[in-house]
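Here is what each chain is made of, one letter per residue.
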Amino acid sequence: MKRQNKYRKFQLQQQNIEALEKENTRFKRVYSEYENMSNELWNLENSSGEPVPDDFINAMILQTSYLEDEIEDWLIQFNDQKAEIKH
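Residues numbered from 1 in each chain as written. Predicted model: local features only at pLDDT ≥ 70, side-chain atom pairs only at ≥ 80, totals over all residues. Heavy atoms only, no water.

Novice: Could you give an account of the overall build of the protein chain, with specific residues and numbers?
Specialist: Tallying secondary structure elements over the protein chain gives three helices and zero strands in all. When the helices and strands of the protein chain are listed from N to C terminus, the series reads α-α-α. Scored against the burial criterion, the 87 residues of the protein chain give a buried share of 29%. Sequence-distant contacts in the protein chain: of pairs separated by 6 or more residues, those separated by 24 or more amount to 72%. Accessible surface, the protein chain: about 6500 Å² in total, of which carbon and sulfur atoms supply 48%. (Helix = DSSP H or I, 4+ residues; strand = E, 2+ residues; numbered from the N terminus. Buried < 20%, exposed > 50% of the residue type's maximum accessible area, 1.4 Å probe, protein only. Contact = heavy atoms within 4.5 Å. Areas by Shrake-Rupley, 256 points an atom, 1.4 Å probe, with all protein chains shown as cover.)

See below:
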């Protein structure tokens with residue numbers, strides 16, 4: 001059985017992500033970069049090929065976490081804006 005990609009943490013907010021991508025090109029670039037890095041990181045950690053140095057993996061994990069933080073901030077602001085509109 002294939003393990004789930006632990007770096008794809010925004011799957012439950014896909015609808016909000018799609019809306020943000022339509023209205024904000026910078027968000028779209030950041031989210032695209034996050035997807036690319038998280039997929040590559042997942043592939044590196046789960047490949048049976050040539051081992052990759054831990055320093056390289058750790059740098060990718062750090063960069064991915066920075067992108068996650070930025071995406072989370074955008075999603076929080078987006079949700080707050082939606083809540084304001086409803087009230």
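Moving on from the coordinates now.
Novice: Please give an account of helix α2 (residues 25-46) that cites residues and values.
Specialist: Along its 22 residues, α2 runs 32 Å from first to last C-alpha, staying within 8% of the 32 Å computed at 1.5 Å per residue. When we look at burial in α2, the residues that qualify are Phe27, Val30, Tyr31, Tyr34, Met37, Ser38, Leu41, Trp42 and Leu44. One face of α2 carries all of its buried residues, which in axial projection span an arc of 160°. Looking at α2, the residues exposed on the side facing more than 90 degrees away from the buried face are Thr25 and Arg29. Residues of α2 that are buried sit in contact with α1 (14-23) and α3 (54-86). (Expected span 1.5 Å × (residues − 1). Arc of directions from axis to C-beta.)

Novice: Give me the lowdown on the packing of α1 against α2, citing residues and values where you can.
Specialist: Where α1 contacts α2, the axes come no closer than 6 Å and their chain directions differ by 130°. Judged by the angle between their axes, α1 and α2 are oblique. α1 and α2 meet at a crossing whose hand is left-handed. Along its contact with α1, which presents Gln14, Ile17, Leu20, Glu21 and Glu23, the element α2 presents Thr25, Phe27, Lys28 and Tyr31. In terms of residue class, the contact of α1 with α2 is built from four nonpolar, two polar and three charged. (Axes fitted to C-alpha atoms, helices over the stretch in contact; angles between N-to-C directions. Parallel < 35°, antiparallel > 145°, perpendicular 65-115°, else oblique. Left-handed = near helix turned anticlockwise from the far one by under 90°. Nonpolar A, V, L, I, M, F, W, Y, C, P; charged D, E, K, R; others polar.)

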